[in-house]
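Structural overview for review
Here is what each chain is made of, one letter per residue.
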Amino acid sequence: KGLAASGSWGCFDEFNRLIPEVLSVCSVQFKAVCVGVKGFVLEDESTHVVTVDGDTVSLVPKCGAFITMNPGYLGRSALPEGLKALFRPMTVMVPDLVLICENFLMAEGFAEAKVLASKFYSLYSLLKDLLSKQEHYDWGLRAIKSVLVVAGQLLRGATEGTQEAEVLMRALRDFNIPKIVKVDEVVFFGLLGDLFPGLNPERVMDKNLESCVIKACERLGFYGHETTVLKSVQLQELLDIRHCVFCMGPAGSAKSTSWKILQEARNIMKPDMKVKVTDLNPKVLPTQDLYGYINMATREWKDGLLSNIMRALGQIEDENPKWIMLDGDLDANWIESMNSVMDDNRMLTLASNERIPLKPYMRMIFEIRDLKHATPATTSRAGILYISTDTGFQWRSIIASWVSKNEFEESIATALTAHFEKYVPSTLKFFSKSMTPIVHCEDTSMVMSLLRFLENQLTPEVLKTCEENKELLEANFVFCSVWAFGAALSIGDDGTDYKKTFSDWWKRSFKTVTFPNKDSVFDYYLMADGTFDAWEESPAFSKVEFDSRTMSMSEVTVATSETASVTYWMQALVNGGYPIMLCGLSGTGKTQMVNGLLQSFKPEDHLSLSINMNFYSSGTALQAIMETALQKQTASTFGPPGGAKMVYFIDDLNLPMVDAYNTQSAIALVRQHLDYTHWYDPIKLSLKTIVNCQYIAAMNPTAGSFLINPRLQRWFTTFAQAMPNLSSLSTIYQTFLEGHYVSNGFEQEIVAKIPDLIKATLAVHKDVTETFRKTAANFHYEFNIRHLAGVFSGLLMAKAQRFNTAEKTAFVWCHECERVYGDRLVSYAHLDQFYAIMMNQAKKAFGTFNTGRFYPAQPGEAAQDILIFSHFGDGIGEDPVYDKIENVHDLSVLLEAGLEDYNETNVQMDLVLFEDAMRHICKITRVINNPAGHALLVGVGGSGKQSLSKLASHICGFSTMSIQISATYGIGDLKTDLQSMYRKAGINQVGVAFLFTDNQITNEKFLVYLNDLLNSGNIADLYAPDEKDTVCNDIISKAKAAGVQLEPPALYAYFISQVRRNLHVILCCSPVGDAFRNRCLKFPALVNCTVIDWFQPWPEEALYSVGKKALADLEFENDDARNGIEKFLPASFKHVEAMQIKFKQMENREVYTTPKSYLELLALYKLLLADTRGKNDVAQARLLNGIQKLNECASIVDSLKADVAIKLEQAGEKAAIANGIATTVQAEKEVVEMETENANIEAAKVAQIQTDVTAQASSAEADLAAAEPAVEAAMAALDTLDIKALGNCKSMMKPPPGVDDVFASVMVLMAGCQTPTGKLIPAEKSGKVREKNRDWGTCKKVLLGNIPQLVADLKLLKDEYDAGRVPHVNWKEVRPFIALEHFKVEIIMGKNPAAAGLTNFVLNIVNYYDIVVTVEPKRKALAEAKDTLAAANEKLALVKEKVHELQLKLAKLTAELDAATKSRLEAEAVVAKGKMKLDLAQRLIKALSSENVRWNKGVQQLKESRMNLIGDSLLSAAFISYIGPF
């Protein structure tokens, strides 16, 4: 719009960075402008506007748009075809770099520009082809320009006589070395030597800066290695020529160290111009929060963090150096938005149209790992400082700095330095070549771990002893080294035991300090005297006395050699404030070990917060969770309450979803905190310093993103957590079993079986693990320590009162193994394999007991006896006691009673409790009866998961709750529902079963809350702070009774513990498709924290039972037919199952026949059978009705004949009566018509008379109306008379000429009138006033004697005339006066105003008289016409009255005629209808005589076919139900 209205040209750089949706809008808008320009006509103003998106703007046809872009780069969109068609494409060719170099060199002052340009181009071309393909190498035009500018500066600063080639070579060498990796240096220097033979100028370095860098190293406590110094100086050189620099290299390569040293060096060099550094990690926040965005709802601008920082730095008044440190991985989203800042524009352009400049004294430093996701356009815009780790100067510098910082005695420092040289290089070399740790560990990370361990070991007391006993120092060093380098080793994917390999290598390579030959170097603890002993003898090992009456397996950590060793080092690291990471497969005890460690801390020293990461965890969410445990200490400093330290335990650290650039915001947040001890408030954009906090992380390297960012990983001391060995497992579970059996008073023979139980369980676990391998389809075939614990926790449910023999204990062991391992298996084939394993191991361990009867003798056969233990064996509603169910009948009776009880209080469930369904109910009750017991029911649709879950929950006495999905149901609604369940379970402390199905997952983020619920019960953002306070207040009474401290953290922890005890989740999922697998991989708690019950296909017995019940309400002809149908239903289902396997083999397509399909078949069969039977019954009824009608028709025909004869006679009589009436009516009608004609003639005469009268009245009224203005004017003239003025006239002896005439005319008019004034006027009998009496004197005497009376009488003159009391002669006598020339109002007004008013009156009243005289004849004629009209109307009324009487008489006769005629016609119609009906009936009987036979035969056939409908409908229903997928 702007370009069109202004006629401007616009260049849109990087246009294809817009998303396709925006590009489509641009296409429509620019198309409108192009069409407008094409149709522009200078003379036609209507073409001078264009409509764009509904807005009409003026159009200047000179406008233009240009696009520049790099196609195919990361984060770029393809232009829509419609948009491309609007632009003319132009491909920019590769420029002639030699010519460009020559011109640049000439401009910089080089005389040998042509030769040097050729060498320059040759070098860059060869470097591009011969060096390794590093992402940060840039040999393009921007890189060439920067080196040429440096060469010009060097030339101008060179001494006289310096060769130009030498200057160019120095520029090429010194400003390319920072980005050259170690392996390419040989080629680089070789090419330089070949192009510039014999030249090797010394590097020009700022000696002052170099000395300041060395001082900065000392001040910061860094070892001033020559490479460290060089990289800091090179960074300054790059900052001198580039305002943006990439400082890059592997994790731990001293990138941060380099810029920190340079910052301190510049502060030393120029104390009055200190460098201000503002850091942030761009990956912590989304890109829009980084730069700012417009809130589309409110249209308000929300400022971004980076734009806010850049603006704030630019607004500082001083011009001291300011660096913006962007320490985070690059991606094509946020870095591309910096292109305008990184190029020569130095301008950040925001979506709000704000432009923030990067001022000359400001620099941007990007500390990054690599340029994997940066485009060449980005790479070429910045200088690059690459720091390699190939030489290992980093870890050597770390060691030297550590030794120097700790200020050891000289002998100790010397010995330690020697030990470092002896052990570290060779170990790192062996590690890099032969070892594969569980996660990648940088050399610097392992060395840092070694130093952390040494800090723990080399206490002042030990150091004092080591001064005399150097062997003890080396022993401590070796002990720490073994764990520093080997802690991250485990068993590899190929089965290699890297810990054992490392141990063997260590023992072979280093023999000064010897370990015992037995076991590995990791199995021994260094005693105070320098000898090695088993970890069981270390302070970290402690025995546990387990009592199942007061303790739970999940709350107890049994120490073993493995757990003791790792716990020892973890304790040391936590005390030192260092980050720790436990890596291991799922179920290896990572979380349990960390929880045990956290529980051992004193609350006044260490607080902890456990955070379970999930697929959708973000940096913002993680920050919000971590800040809940912090308090504000100063304006911008936050930390844990009191003087304690906060330990954040982040479980499943690698689980959050990584973006397209392999980065994750939560990981970036943790790294920012570890790197800089602060983060930013995402709302206020202010800095928050976070103190006294550290991290413990746990992750499964085979889940989520597998690995985390190496730049975060290098902070952690990593321990590989493997499955405990058999000895440790035996120790753990012997502790639990002995504690349970002994403390609960079991028989001695049962206690004696503990070793056999443990050995058999471990053997079963081993066989199951080896037999059932994890695959993509069977992703849950991952058997670990959780499953072992599941078996033994099941054994702990046994009570001594019910389990009094070893045999029963063996039986319950078989049952628990089947529940833990067998219920996870996906097919009957796998179950058969499992049964074989169980039979084998049970026979070995418990050969004296008959355990074989619980397993099928052959695959596919049924077992002799059932093996079911449950909590409700004593009856539904009784106290739960775990015991064996003896037979299926007893179980069926119990569950039928439970179902009946359920249906009395809930919506009725019509369930068929076949054996397989009853087993599932027992499995579900077993799971949810345990504290924190959650079930995952997996089965195809219609398996009965929800119904059986509701019944199982009812049996356990729980209330079943579920969510009600609607179109608007969202996260807020789920949180509300969860809060309701938490209150019920945690505060009311009643059992709650949360039934949740995969169909209710309308938002995948629902699983975030479900994952936390299953994992720990503590859902991070379930409660707002005020809501959490309310929960704590509500539970105080119960917490106090339980002996819990009445502090909010303790109260909330108690609340969560009660929730875990009473709230049980039952998940119902379908295994069909990838959704179930993907969700379980994203949210491991769905599998790890639940007990799986895999619903196998219904057995034939179940299908038969369900089918039999479904058909119970159907009517069959006999029992044989019913039995045949009932047997066919399961048989057809099994046949289809066999066919789907064959179909899979032939077509490689899955077809699922589910119980739901079977139930739909039953429903369809019942529907089809009812429909076909209904149609059959309708057809039979129709034929039978037809036969009945034929029989009725024959009997009716005879009665019709007699009826028609009678009605024919009646019709003749009615016709005669009607004819007589018609004759009379005709005669009367003629008389009425004649009289009516006479009346019409009279009416016409009256109408004519009325018309004439109306016309005369209208004419008279019009004339009278014309006289009204004259009267009104005369009256108005009288109103103007002034009595005083008239009185003045009376005093005049001689009036002005004409005035006496006026008064004389008045006297003439009033002469002879009966008014008081008229009576005074001297007049003859005729009313005429004599001439002599018309003088002025007489007028004054008569008229002006009583002036008010005169005026009143004048106003009555009109009424007097209308009454006929004014003599006609008066009007004749007054006319001579009116004819006088001066008898005009205007003239008289000039002489006397009073006389003028009288003049006006006389003139108008005479005019009125003239009009009335004209109207009078008309008035007389009108009166006569009205008399005539009245007489005519009277005559007309008499005529009309006579006509009316005649018409009434005629109407009565006509009505009688109509009635008679109607009666006659009805009689004739009845006769005709009877004849027709009789004829039709006779014809119908004759025509249908043959149909009667056929219809009777048809009825018989329909009765016979009805019996076949049960089979026909069954085949149709089966075909329809099953054929679709095939």
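Residues numbered from 1 in each chain as written. Predicted model: local features only at pLDDT ≥ 70, side-chain atom pairs only at ≥ 80, totals over all residues. Heavy atoms only, no water.

**Quick word on the nonpolar core**
By size, the foremost hydrophobic cluster in this structure holds 107 residues, and its most contacted members are Tyr733, Trp813, Tyr821, Tyr982, Phe994 and Phe1055. Ranked by residues supplied to this core, first place goes to helix H31 (residues 806-820) with eight residues. Every residue in contact with Phe994, bar those within four places of it in the chain, is listed here: Met961, Ser962, Ile963, Leu978, Met981, Leu1010, Leu1013, Leu1063, His1064, Val1065 and Ile1066. The next biggest cluster of nonpolar side chains, apart from the first, holds 104 residues, and it includes Ala151, Leu192, Met342 and Ala629. (Core = buried A, V, L, I, M, F, W, Y, C linked by side-chain atoms within 4.5 Å. Buried < 20%, exposed > 50% of the residue type's maximum accessible area, 1.4 Å probe, protein only. Helix = DSSP H or I, 4+ residues; strand = E, 2+ residues; numbered from the N terminus. Contact = heavy atoms within 4.5 Å.)

**Description of the side chain of Lys808**
Assignment of secondary structure puts Lys808 in helix H31. Its relative accessible area of 17% is what places Lys808 among the buried residues. In contact with Lys808, other than residues within four places in its own chain, are Arg802, Phe803, Phe869, Asp883 and Lys884.

**Description of a negative patch on the surface**
Where like charges cluster on the molecular surface, the negative patch consists of Glu409, Glu410, Glu467 and Glu468. Along the chain, Glu468 turns up in helix H19 (residues 460-468). Residue class for Glu468 comes out exposed when judged on its relative accessible area of 76%. (Patch = residues over 30% accessible without salt bridge, like charges linked within 9 Å, V, L, I, M, F, W, Y side chains within 5 Å. Areas by Shrake-Rupley, 256 points an atom, 1.4 Å probe, with all protein chains shown as cover. Salt bridge = Lys/Arg side-chain N within 4 Å of Asp/Glu carboxyl O. Lys, Arg positive; Asp, Glu negative; His and termini not counted. Charge placed at Lys NZ, Arg CZ, Asp CG, Glu CD.)

**Comments concerning empty space enclosed by the protein**
The final tally for this structure, using the stated rule, is eight cavities of 30 Å³ or more. Reported here for the largest cavity is a volume of approximately 170 Å³. Looking at the largest cavity, it is lined by 17 residues, and the ones nearest its centre are Ser146, Phe175, Lys179, Arg242 and Gly383. Listed by contribution, the elements that provide at least two residues to the lining of the largest cavity are helix H6 (141-157), helix H10 (226-241) and strand S13 (383-386). If you tally residues by element for the lining of the largest cavity, the top one is H6, at four residues. Considering only residue class, the lining of the largest cavity consists of nine nonpolar, five polar and three charged. (1 Å grid on protein atoms, 1.4 Å probe; cavity = no way out; pocket = protein on both sides within 12 Å on 5 of 7 lines; lining within 4 Å. Points joined across faces, edges and corners; volume = space filled by probe spheres on them. Nonpolar A, V, L, I, M, F, W, Y, C, P; charged D, E, K, R; others polar.)

**Here's the deal with the state of the cysteines**
If you walk through the whole model with that rule in mind, you get zero disulfides. There is no disulfide at Cys583, and the cysteine sulfur nearest it, in Cys441, is 7.9 Å away. Of the residues examined, Cys583 reaches a relative accessible area of 0% and is grouped as buried. Not part of a disulfide, Cys1080 finds its nearest cysteine sulfur in Cys1069, a span of 6.5 Å. A relative accessible area of 5% means that Cys1080 is categorised as buried. (Disulfide = S-S within 2.5 Å.)

**Concerning the side chain of Ser146**
For Ser146, the position within the fold is in helix H6. Taking relative accessible area as the criterion, Ser146 reaches 14% and is therefore assigned buried. There is a polar contact of 3.2 Å between the side chain of Ser146 and the side chain of Arg242. (Polar contact = N/O pair within 3.5 Å; in protein donor to acceptor, adjacent residues only side chain to side chain.)

**Brief notes about the pairing of strand S2 (residues 49-52)**
Only one face of S2 is covered, namely the face carrying Val50 and Val52; the face carrying Val49 and Thr51 is uncovered. Where S2 and strand S3 (residues 55-58) come together, four bridges link them in antiparallel fashion. Paired with Thr51 across the strands is Thr56, a residue of S3. The antiparallel hairpin formed by S2 and S3 contains two residues in its connecting segment, where Asp53 sits at a positive phi of about 55°. (Pairing = 2+ DSSP bridges.)

**Let's talk about the sheet that holds strand S9 (residues 322-327)**
With respect to topology, five strands assemble into an open sheet ordered S6-S9-S12-S5-S13, the strand pairing being parallel. Two strands bound the open sheet, and with one partner strand each, they are strand S6 (276-280) and S13. Adjacent strand axes in the sheet meet at a mean angle of 20°, parallel and antiparallel pairs treated alike. Pairing analysis gives five bridges linking S6 to S9, with the strands arranged parallel. Within S9, the residue paired with Lys276 across the bridge is Lys322. Against the sheet, H10 engages strand S5 (244-248), S9, strand S12 (362-368) and S13, with an angle of about 175° to S13. The strands that helix H25 (residues 665-676) touches are S6, S9 and S12; relative to S9, the one it contacts most, it runs at about 135°. (Axes fitted to C-alpha atoms, helices over the stretch in contact; angles between N-to-C directions.)

**Concerning the sheet that holds strand S27 (residues 935-938)**
Strand order in the open sheet made by the five strands is S28-S29-S30-S27-S31, with parallel pairing throughout. At either margin of the open sheet sits one strand with a lone partner, and together these are strand S28 (959-961) and strand S31 (1091-1094). Taking each pair of neighbouring strands and ignoring which way they run, the sheet shows an average axis angle of 20°. Bridge analysis of S27 against strand S30 (residues 1063-1069) gives four bridges, and the strand direction is parallel.

**Quick notes on the packing of helix H27 (residues 726-743) against helix H30 (residues 785-795)**
Where H27 contacts H30, the two axes come as close as 10 Å, and the packing angle between them is 15°. Taken together, the axes of H27 and H30 are roughly parallel relative to one another. The crossing of H27 and H30 is right-handed. Here Leu729, Tyr733, Leu737, His740 and Tyr741 of H27 come into contact with H30, specifically with Ile785, Leu788, Ala789, Phe792 and Leu795. For the contact of H27 with H30, the residue count by class is nine nonpolar, one polar and no charged. (Parallel < 35°, antiparallel > 145°, perpendicular 65-115°, else oblique. Left-handed = near helix turned anticlockwise from the far one by under 90°.)

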